[in-house]
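What follows is the residue order along each chain.
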Amino acid sequence: MLRTPIIGAMALAFGLVAAVAPAAAETPAGIKQRGKLIVAIDVSHPPYGMLDDKAKETGSDVETAQLLAKDLGVALEVVPVSGANRVPSLLANKVDVVIASFSITPERKKVVDYSIPYGVIPVVVSAPKAMAIKTPADLGGKSIAVARGTTADIELSRTIKDAKVAANIVRYEDEATAVTALATGQQDLLAAALSTANTVAEQNPGKTLEVKLQMAAYPMAVGLRKTDPELKAYVDEWVKANLANGKLNDIYKKYFGLSLPEHIAAE
């Protein structure tokens with residue numbers, strides 16, 4: 001009589017154990033044997049990741065990933081992600097690493113590992129020039145578009161909380177949707193990386209957008225699982241080598257128009 005419930009319970013228990021069982025560690029040797037490096041990249045976040053007129057991935061993150069794959073001697077496979085699912089994709093073993101404007105935050109460090117930094121991401125709030133915003137307190141009563149799960153989301157929440165003002169944070173699923181909301185007039189303010197804010201201002205001159213506040217400047221790094229120490233060691237040495245030979249600086253300068261900060265370039 002109890003056979004079916006017992007078997008069902010055992011199957012459920014087995015499924016739960018399997019779900020939480022740690023994945024086998026990824027290593028440089030394993031990636032080389034497979035013949036490809038699988039990288040999470042947000043291709044809706046120019047100039048870090050985007051699609052060209054032939055629907056081919058391009059951008060600073062794509063070139064960084066291409067350089068890493070080349071130095072490993074393997075092909076590159078890009079897995080498109082949004083800001084919100086970068087960490088879940090990594091933890092679910094769908095990718096080897098994350099190279100997606102992935103800044104280092106205390107919250108993320110609780111669940112993922114990072115390489116040493118290879119770039120920096122300023123996080124800002126932009127708004128129409130005529131809008132009087134000089135301090136975080138001036139955000140009170142405003143509606144601000146932001147991509148969910150990004151550093152801009154984290155910093156905007158912190159900034160508003162610290163300023164003790166009531167503002168409406170309108171969270172969109174990715175950068176492209178947040179930018180579209182601004183472009184189509186659904187929102188007037190945008191919290192995003194500086195590069196995104198500048199691009200939106202250039203593409204929408206009629207809105208006279210300008211940077212009003214810089215909330216933070218985050219170091220940017222390659223995201224890795226905590227269970228992949230060999231891969232982290234390899235990527236750390238790879239970052240050091242390509243900072244020293246100038247290749248990572250060349251990529252940064254190509255897309256952002258300036259050299260890496262000295263403290264990053266000297267890693």
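Residues numbered from 1 in each chain as written. Predicted model: local features only at pLDDT ≥ 70, side-chain atom pairs only at ≥ 80, totals over all residues. Heavy atoms only, no water.

Enquirer: Give me the lowdown on the confidence of the model for the protein, citing residues and values where you can.
Expert: Considering every residue of the protein, the mean pLDDT works out to 88; 90% of them sit at 70 or more. For the stretch residues 1-24, pLDDT sits under 50, and the model shows one contact to residues farther than four places along the chain or on other chains. (pLDDT = per-residue confidence, 0-100. Contact = heavy atoms within 4.5 Å.)

Enquirer: Let's hear about empty space enclosed by the protein: which residues, and what values?
Expert: According to the stated counting rule, one finds two cavities of 30 Å³ or more in the structure shown. Considering only enclosed or pocket space, the largest cavity measures out at about 110 Å³ in volume. Taken together, 14 residues form the lining of the largest cavity, with H45, S101, T150, T151 and E175 sitting closest to its centre. Counting residues per element, the ones that place at least two in the lining of the largest cavity are α6 (151-163) and β10 (189-193). Of the voids in this model, the second largest cavity is the one considered here, and its volume is about 70 Å³. As for the second largest cavity, its lining consists of S60, D61, T64, Y118, G119, M220, L248, I251, Y252 and F256. Among the residues forming the lining of the second largest cavity, the class breakdown is six nonpolar, three polar and one charged. (1 Å grid on protein atoms, 1.4 Å probe; cavity = no way out; pocket = protein on both sides within 12 Å on 5 of 7 lines; lining within 4 Å. Points joined across faces, edges and corners; volume = space filled by probe spheres on them. Helix = DSSP H or I, 4+ residues; strand = E, 2+ residues; numbered from the N terminus. Nonpolar A, V, L, I, M, F, W, Y, C, P; charged D, E, K, R; others polar.)

Enquirer: So what's going on with unusual backbone geometry? Residues and values would help.
Expert: With an omega of 0 degrees, the peptide bond between P46 and P47 qualifies as cis. In this fold, P47 is placed in the loop between β1 (36-41) and β2 (50-51). The phi torsion at K164 lies on the positive side, around 55 degrees, for a residue other than glycine. Relative to the helices and strands, K164 is located in the loop between α6 and β9 (168-172). With relative accessibility at 76%, the residue K164 sits in the exposed group. In the Ramachandran plot, T208 falls in the positive-phi region, its phi being about 45 degrees despite a non-glycine side chain. (Buried < 20%, exposed > 50% of the residue type's maximum accessible area, 1.4 Å probe, protein only.)

Enquirer: Could you give an account of helix α9 (residues 229-244), naming the residues involved and the relevant values?
Expert: With 16 residues, α9 should reach 22 Å at 1.5 Å per residue; the first-to-last C-alpha distance of 23 Å fits that figure. The set of residues buried in α9 consists of L231, V235, D236, W238, V239, N242 and L243. Projection of α9 onto a plane perpendicular to its axis shows the buried side chains occupying an angular sector of 165 degrees, all on one side. The exposed residues of α9 that point more than 90 degrees off its buried face are P229, E230 and A244. The first or second residue beyond α9 is G246, which carries a positive phi of 85 degrees. (Expected span 1.5 Å × (residues − 1). Arc of directions from axis to C-beta.)

Enquirer: So, the environment of G141: which residues are in play, and what are the values?
Expert: One can find G141 in the loop between β7 (119-128) and β8 (143-147). Accessibility expressed as a relative area gives 67% for G141, which makes it exposed. Separated by 26 residues in sequence, G141 and A167 have C-alpha atoms that sit 4.9 Å apart. When residues no more than four places from it in sequence are discounted, the contact partners of G141 are A166 and A167.

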